[in-house]
Amino acid sequence: MNQDIERVLLSEEEIAAKVKEIGAKISEDYAGRDPIIISVLKGSFMFMADLVRAITIPCTVDFMSVSSYGSGTSSSGEVKIVKDFDNSIENRHVIIVEDILDSGRTLSYLMKTLKARGAASIALCTFLDKPERRVVPVEVAYSGFRVPDSFIVGYGLDYDQQYRNLPYVGVLKPSVYGE
Ligand code: PRP
Ligand code: MN
Ligand code: MG
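Residues numbered from 1 in each chain as written. Chains lettered and ligands numbered in written order. Predicted model: local features only at pLDDT ≥ 70, side-chain atom pairs only at ≥ 80, totals over all residues.

As named in an unreviewed UniProt entry, the protein chain is Hypoxanthine phosphoribosyltransferase, taken from Butyricicoccus porcorum. The record held by UniProt for the protein chain lists under Cofactor (unreviewed entry) the comment "Mg(2+)". (UniProt positions renumbered as here; feature names shortened; annotations may be inferred.)

Set out below in structure tokens:
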């Protein structure tokens with residue numbers, strides 16, 4: 001295990017089983033609808049790669065990148081699209097893929113913005129959910145695990161851009177972020 005990790009919260013095996021389950025559910029719900037699966041970079045890249053391999057129906061994949069304004073731990077709630085996805089979503093069924101739902105600001109902004117682009121439907125899929133931290137209510141169709149309000153990294157999630165490559169989700173040692 002990485003020396004900066006206090007404990008493993010979700011093992012590779014637990015993650016793989018959950019992703020399979022979500023993929024199967026999406027395949028069932030979206031059969032015959034050729035959904036567009038959009039990954040919100042960078043955090044969701046690893047979940048996205050595993051999830052689309054667990055989806056057994058025809059689908060399109062695309063990517064977008066957003067940044068939230070404001071500094072420190074609390075953002076201003078304003079989100080900016082840094083890189084937009086390429087496909088038109090007009091009359092298409094869209095699934096937005098995130099690694100974690102925290103305050104809800106990112107997903108609520110995306111939902112609002114993308115609704116104006118004429119999609120037939122938009123659903124949210126998040127690997128992790130930290131409900132204690134919610135500031136803006138968000139309705140999620142697919143959610144992997146509820147996690148406590150501790151500093152977690154791995155499986156795409158970073159601290160200062162590090163630890164995204166860990167194949168598991170772990171709790172970061174407080175000494176790493178200076179406590
Ligand atoms: C993180 C995470 C979500 C968002 C969730 O992304 O990946 O996208 O924050 O927080 P919210 O619910 O409070 O909006 P971050 O902005 O750290 O960028 P990253 O994905 O590149 O790490
Ligand atoms: Mn992110
Ligand atoms: Mg981040």
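Turning next to the site of ligand 1. In the neighbourhood of ligand 1, 14 residues make up the surrounding shell, with Lys42, Gly43, Asp102, Ser103 and Thr106 lying closest. Put simply, the parts of the chain that give the shell around ligand 1 at least two residues each are β5 (93–101) and α3 (105–115). With 4 residues, the top contributor of residues to the shell around ligand 1 is β5. Across the shell around ligand 1, the residue classes tally to 3 nonpolar, 5 polar and 6 charged. (Near = placed C-beta within 6 Å. Helix = DSSP H or I, 4+ residues; strand = E, 2+ residues; numbered from the N terminus. Nonpolar A, V, L, I, M, F, W, Y, C, P; charged D, E, K, R; others polar.)

Moving on, we get to the packing of helix α1 (residues 12–29) against helix α2 (residues 45–54). One can describe the packing of α1 onto α2 by two numbers: an axis separation of 8 Å at closest approach and a directional angle of 55°. Here α2 runs oblique to α1, going by the angle between their axes. Here α1 and α2 pass one another in a crossing that is right-handed. Two secondary-structure elements touch here, α1 through Val19, Lys20, Ile22, Gly23 and Ala24 and α2 through Phe47, Asp50, Leu51 and Ala54. Looking at the contact of α1 with α2 residue by residue, the class counts come to 6 nonpolar, 1 polar and 2 charged. (Axes fitted to C-alpha atoms, helices over the stretch in contact; angles between N-to-C directions. Parallel < 35°, antiparallel > 145°, perpendicular 65-115°, else oblique. Left-handed = near helix turned anticlockwise from the far one by under 90°. Contact = placed C-beta atoms within 7 Å.)

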